[in-house]
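# Per-entry structural report
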Amino acid sequence: MARRLAKTDVVIIGAGWTGLTAAYELAHAGKRCVVLERGSYRHDADDFAAPKEHDELKYAVHHAHMINTRKETLTFRNNASQQALPMRRLGSFLPGVGLGGAGIHWNGQLWRPLPSDLEMRSHYENRYGADFIPDDLNVQDWGVTYDELEPHFDFYEKICGTSGTAGQMADGPREGGNPFEGPRSADYPNPPMRQPIGPTKFGEAAQKLGYHPFPMPAANATKEYTNPYGAKLHPCTYCGFCERFGCGYYAKADPIICVYDQIKSHENFEIRYQAQVLRVEKSEDGKTATGVTYLTDAGEEVFQPADMVCMNAYGLWNVHLMLVSGLGKPYDPKTRTGTVGRNYAYQTMAGVNVFFDDQVVTNPFMGAGALGTVIDDFNGDNFDHSDLGFLGGGYIACTQTNGRPINYQPTPEGTPAWGADWKRAVRENYLHHASLTVHGSSMATPDNYLDLDPTWKDAYGRPLLRMTFNFPENDRRMADYVMGKAHEIARNMENVKSTSASNRAAEGSDYSIVPYQTTHNTGGTVMGTDPTTSVVNRFGQMWDHHNVFVFGAGLFPQNLGYNPTGPLMGVAYWTLDHMKNDYIANPRPLMDA
Amino acid sequence: MPTYSRRSVLFGFGAAVGLASLPRHAFAALDGTPFTFLTDSEARSLALLCDTLIPQDDFPSASQSGVVDFIDLQLAGGYGRGEHLYMDGPHPQGTPEQGYQSPLRPAELWREGLAAMQTVIGPLDGQPQSALDRLMTDLSEDRPALVGRVGAKTFFTELHALTNQGYFADPIYGGNKGYAGWHMVGFPGAFGYFTDTVDAHNRPYRQPPMGIGHQPGTSDFNWER
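Numbering of residues starts from 1 in every chain and runs along the sequence as written. Chains and ligands are labelled sequentially in the order written, the chains with letters from A and the ligands with numbers from 1. Local features in this predicted model are restricted to residues of pLDDT 70 or higher, and side-chain atom pairs are both shown and tallied only at a pLDDT of 80 or more, whereas totals for entire chains, interfaces and linings draw on every residue. With hydrogens and water excluded, all non-hydrogen atoms of the structure serve as input to the side-chain values.

- Chain B is annotated in an unreviewed UniProt entry as Gluconate 2-dehydrogenase subunit 3 from Sulfitobacter pontiacus.

- The name recorded for chain A in an unreviewed UniProt entry is Gluconate 2-dehydrogenase flavoprotein, from Sulfitobacter pontiacus.
- UniProt positions are given in the numbering used here, feature names are shortened, and annotations may be inferred rather than shown by experiment. Regarding chain A, the relevant UniProt record gives this comment under Sequence similarities (unreviewed entry): "Belongs to the GMC oxidoreductase family."

If you want it as structure tokens, here you go:
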């Protein structure tokens with residue numbers, strides 16, 4: 001039997017962006033918070049400092065900051081007729097572990113969703129007709145609008161000291177920003193990043209073609225900055241070690257320096273490390289959760305009772321915890337009923353390699369996670385979809401994130417993968433290459449979902465999560481179309497010798513768990529206003545257990561053409577706002593089912 | 001440029017001409033230090049395979065820059081033991097999209113894989129380069145039926161990945177000797193402060209590389225050709 005601890009007001013599962021933010025906000029609202037983190041303490045100052053952190057083999061190849069698949073992983077298949085097999089090593093996506101979670105090794109590409117993204121079904125039906133969305137796409141509204149989330153997007157941009165150029169302010173558009181973005185209550189707190197030659201040439205070509213380039217919004221600070229919690233950030237050094245690495249310069253916003261340092265001494269805050277949550281426990285009537293059971297590093301099972309449970313694990317593991325705890329109704333693809341694990345979606349990635357002549361020296365190692373120039377002309381519904389045969393879109397970005405030489409070896413089309421010709425091509429092109437990324441949306445379908453695997457188990461004896469996913473036809477067409485636009489821009493860039501385009505979702509190729517694509521897994525615990533198609537209501541509160549609040553990209557009904565951290569943090573602050581100002585004083589379901 | 005055979009580099013014969021800076025066994029950069037995991041015979045086979053992937057040109061071959069030493073240390077360490085590899089069975093055959101499904105830990109996989117090469121073309125020593133090139137192409141296309149439990153493509157994927165890592169990883173791991181890989185492409189290493197240069201367009205960056213364990217005065221590139 002698990003040892004029973006004294007009750008706390010709130011137990012928070014996971015110490016990443018959403019978990020530490022929940023602790024900060026709820027502790028200041030007078031609630032005693034216990035954060036359970038399965039990994040270890042670590043800190044930017046001690047653990048992410050250069051030059052030791054700048055070890056491509058250890059962190060980018062061997063994933064030293066990420067989960068160890070020996071303890072927790074999932075099984076994967078492309079469709080239900082296959083046997084799912086374990087993801088034995090990391091590849092396509094890189095969930096984190098330890099203080100700060102995956103928030104320490106992100107790139108810092110910080111976006112807001114478009115207003116129309118959040119009302120996707122209504123928007124498309126209004127603009128293109130009620131029959132426009134095919135039956136095999138589970139497109140849904142989020143249940144929350146841009147105007148409701150705007151103050152929270154703004155606040156999170158300030159927490160991160162975000163660098164950028166506003167496009168739409170309350171009093172009208174701004175030159176040099178994203179003309180398609182929703183109206184902003186404030187500009188970015190810091191000026192945009194300095195642009196290297198590749199992104200500059202991309203911007204010039206895009207502009208000539210009539211598109212609207214702007215600097216990518218970056219949680220990489222460009223000036224000394226103090227955030228609203230009191231955390232100090234320093235200017236980015238463009239060192240080229242962002243994604244997959246922690247930032248020892250205090251320049252990339254992360255949950256440790258931006259949130260944890262500012263709450264760690266609060267009397268209502270406690271964090272326990274090596275605390276592996278095994279399940280959420282339910283009351284006898286099943287209407288609420290009573291707390292969570294976790295395993296200590298000494299191997300002891302402990303029950304932590306709590307009035308409120310916040311699920312702040314990485315999206316995939318929130319789904320797993322619900323399934324092994326019996327929270328909510330598991331999705332069944334045969335009957336298309338149930339919600340937990342439904343609407344799993346990903347990101348549809350395509351790109352264009354651009355090879356310059358020797359006049360252009362790109363110095364790719366001068367990089368930063370969110371350094372680049374973007375156009376949003378083909379994202380969301382910023383372009384006419386009437387005759388295109390798909391929904392959604394993506395941004396096209398020329399980024400310069402790094403020149404780390406194990407993974408950065410661009411070679412022109414037709415170059416062999418090894419041997420003398422390969423070696424010469426790597427040598428000749430390393431300093432003369434730019435990459436355009438198409439960062440595309442991902443629609444949910446009835447056949448892409450998460451459930452429990454019947455065969456394999458994790459290190460704690462629980463069934464592994466099972467992922468069934470392939471690219472929907474809709475997204476294959478979308479990526480192909482937007483990639484064509486990217487290729488057109490590439491061909492119009494100056495000093496270009498050759499270009500080559502590739503689409504992860506190309507016709508005839510199946511989604512693969514092996515090559516890295518993005519750590520943007522979404523859905524499975526989606527939000528909404530209908531309990532038959534969502535796990536949580538529009539406030540992030542579980543329909544079935546009103547004292548369980550769920551956070552993260554698992555709430556997205558389908559995935560955006562943007563990186564998820566900005567949108568999911570906007571929703572997190574929205575949820576916390578309703579917890580603090582409504583739920584705590586009167587605990588109950590905040591919406592009628 | 002002096003000419004010399006691959007054999008002479010590998011076995012230290014005739015290395016006097018223009019190769020004074022090379023250790024006696026080019027593939028054993030830690031000269032005189034026994035390999036940790038590999039046998040001498042395995043190391044020689046591996047050097048031939050790695051040098052087929054990254055041959056010598058104006059810059060060193062894989063084995064000349066310490067890649068065999070790198071792989072030896074990787075196989076003896078966490079990678080070889082599968083410390084980040086979920087190993088629970090069963091191990092049914094998967095699709096390429098499902099990734100590594102071998103029942104073997106990487107150290108076992110390499111040992112069996114290197115032995116299995118001999119079943120395809122016999123001992124690698126003394127094979128003409130054209131035969132090694134053909135072997136590599138076949139492996140990469142999953143063609144030869146290797147004896148034992150190692151699939152050709154699986155072995156190729158690991159061999160290709162680690163050869164590449166050894167050539168370009170920080171020298172603290174035993175490869176990329178004299179920063180050969182970093183010199184070849186122009187990567188300056190682990191110390192990056194580019195705030196004032198990132199938007200100085202088209203200006204070549206000329207600082208020599210520095211790695212994590214950099215010793216002052218050791219960044220000069222001594223490769224002789």
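## Notes on the pattern of salt bridges
Residue and element names in this part refer to chain A.
- Here, a salt bridge means any Lys or Arg side-chain nitrogen found within 4 Å of an Asp or Glu carboxyl oxygen. Inspection of every chain in the model, using the stated rule, returns 36 salt bridges over all chains.
- We note a salt bridge from E494 to K201, for which the minimum N-O separation is 3.6 Å. Remark: K201 occurs in helix α7 (residues 197–208) and E494 occurs in the loop between α11 (473–491) and β21 (496–503); sequence separation between them is 293 residues.
- Three exposure classes are used, based on accessible area relative to the maximum for each residue type with a 1.4 Å probe and protein chains only: buried under 20%, partly exposed in between, and exposed over 50%. Here E494 falls in the partly exposed class, since its relative accessible area comes to 39%. Secondary structure elements are defined from DSSP: runs of H or I of at least 4 residues count as helices, runs of E of at least 2 residues count as strands, and each element is numbered from the N terminus.

## Considering helix α1 (residues 17–28) of chain A
All names here are of chain A.
- To estimate the expected span of a helix, count its residues, drop one, and scale the result by 1.5 Å. In this model, α1 (12 residues) spans 17 Å end to end at C-alpha, consistent with the 16 Å of a helix rising 1.5 Å per residue.
- Counting buried residues in α1 gives 11 out of 12 residues, a clear majority hidden from the surface.
- Buried residues of α1: W17, T18, G19, L20, T21, A22, A23, Y24, E25, L26 and A27, and no others.
- Where α1 ends, the next residue or the one after it, G30, has phi of about 95°, a positive value.

## Some details on the confidence of the model for chain A
- Per-residue confidence from the prediction method is given by pLDDT, with values spanning 0 to 100. On average, residues of chain A score 98 in pLDDT, and 100% of them reach the 70 mark or higher.
- The spread of mean pLDDT over the elements of chain A runs between strand β7 (residues 172–173) of chain A, the lowest at 94, and strand β22 (residues 548–550) of chain A, the highest at 99.

## Considerations on the environment of T18 of chain A
Residues and elements named next belong to chain A.
- Position of T18 relative to the elements: it lies in helix α1.
- As for T18 and K232, which are separated by 214 residues in sequence, their C-alpha atoms are 20 Å apart.
- Discounting residues that sit within four places of it in the chain, T18 has contacts with N312, F551, G552, L568, M569 and A572. Pairs of residues are marked as contacts when any of their non-hydrogen atoms sit within 4.5 Å.

## Looking at the environment of D451 of chain A
Residues and elements named next belong to chain A.
- The topology assignment puts D451 in strand β19 (residues 449–457).
- C-alpha separation for the pair D451 and P333, spaced 118 residues apart in sequence, amounts to 9.9 Å.
- Those residues in contact with D451 that lie beyond four places of it in its chain are L323, L464, L465 and R466.

## Remarks on the sheet that holds β19 of chain A
Residues and elements named next belong to chain A.
- Strand order across the open sheet formed by four strands is β5-β4-β20-β19, with mixed pairing between neighbours. One side of each edge strand has no neighbouring strand; the edge strands of this open sheet are β5 (85–86) and β19.
- Two strands qualify as a pair provided DSSP detects at least 2 bridges between them. Inspection of the sheet shows β19 paired to strand β20 (residues 463–468) by five bridges, in the antiparallel sense. Considered in β20, the bridge of L452 is made with L465.
- Angles shown run from 0 to 180 degrees and are taken between the N-to-C directions of axes, each axis being a line fitted to C-alpha atoms and, for helices, limited to the stretch in contact. Helix-sheet contacts for helix α9 (residues 315–325) involve β4 (74–77), β19 and β20, and the interaxial angle to β20 is about 125°.

## Overview of the environment of D88 of chain B
- Considering the arrangement of structural elements, one finds D88 of chain B in the loop between α4 (78–81) and α5 (106–121).
- We classify D88 of chain B as partly exposed; its relative accessible area is 39%.
- Setting aside chain neighbours within four positions, we find D88 of chain B in contact with R88, W456 and K457 of chain A.
- Here a polar contact means two N or O atoms within 3.5 Å. Within protein one must be a hydrogen donor candidate and the other an acceptor candidate, and residues neighboring in sequence count only if both atoms are side-chain atoms. Looking at D88 of chain B, its side chain comes within polar contact range of the side chain of Y86 of chain B, at 3.4 Å.

## Looking at the packing of α1 of chain A against helix α12 (residues 565–583) of chain A
Residues and elements named next belong to chain A.
- At a minimum axis separation of 10 Å, α1 and α12 run at an interaxial angle of 25°. Overall, the two elements α1 and α12 adopt an arrangement that is roughly parallel. Considering only the axes of α1 and α12, their crossing is right-handed. Contact with α1, carried on its side by W17, T18, T21, A22, E25 and L26, involves T565, L568, M569, A572, Y573, L576, M579 and K580 of α12 and no other residues of that element.
- Taken together, the residues that form the contact of α1 with α12 break down as nine nonpolar, three polar and two charged. Each angle is binned into one of four classes, with values under 35 degrees roughly parallel, values over 145 roughly antiparallel, values of 65 to 115 roughly perpendicular, and all other values oblique. Two helices crossing with the near one rotated counterclockwise from the far one by less than a right angle form a left-handed crossing, whereas a clockwise rotation gives a right-handed crossing. Three residue categories are used. Nonpolar comprises Ala, Val, Leu, Ile, Met, Phe, Trp, Tyr, Cys and Pro, charged comprises Asp, Glu, Lys and Arg, and polar comprises the others, including Gly.

## A short note on the sheet that holds strand β15 (residues 348–356) of chain A
Residue and element names in this part refer to chain A.
- Taken together, six strands build an open sheet; the order of strands is β8-β16-β17-β18-β15-β21 and the sheet is antiparallel. Bordering the open sheet on either side are β8 (214–215) and β21, each of which pairs with just one other strand.
- The pairing of strand β17 (residues 394–399) with strand β18 (residues 433–440) spans six bridges and is antiparallel. Looking across to β18, one finds that A397 is bridged to T437.
- Lying over the sheet, α7 contacts β15, β16 (372–375), β17 and β18, oriented at roughly 20° with respect to β16.

## Focus: the packing of aromatic side chains
Residue and element names in this part refer to chain A.
- Geometry of aromatic contacts follows a simple scheme: Phe, Tyr and Trp rings, the Trp one being its six-membered ring, pair when their centres are within 6.5 Å, and the pair is stacked under 30 degrees between planes, edge-to-face over 60, tilted otherwise. A complete count under the given rule lists 45 aromatic pairs over all chains for this structure.
- Between W111 and Y395, the aromatic rings sit 4.7 Å apart at their centres with planes inclined by 25°, giving stacked as the arrangement. Of the two residues, W111 is situated in the loop between β5 and α4 (115–118) and Y395 in strand β17; the sequence distance between them amounts to 284 residues.
- Within the aromatic cluster, the residues linked to one another by ring pairs are F76, F93, Y344, Y346, F469, F471 and Y511.
- Lysine and arginine charges are scored as sitting over a ring when NZ or CZ, respectively, is within 6 Å of the ring centre and within 35 degrees of the ring normal. For R184, the ring lying beneath its charged end belongs to Y188, and the centroid distance is 3.9 Å.
- One Lys or Arg, R244, reaches over the ring of Y516 and ends 4.5 Å from the middle of that ring.

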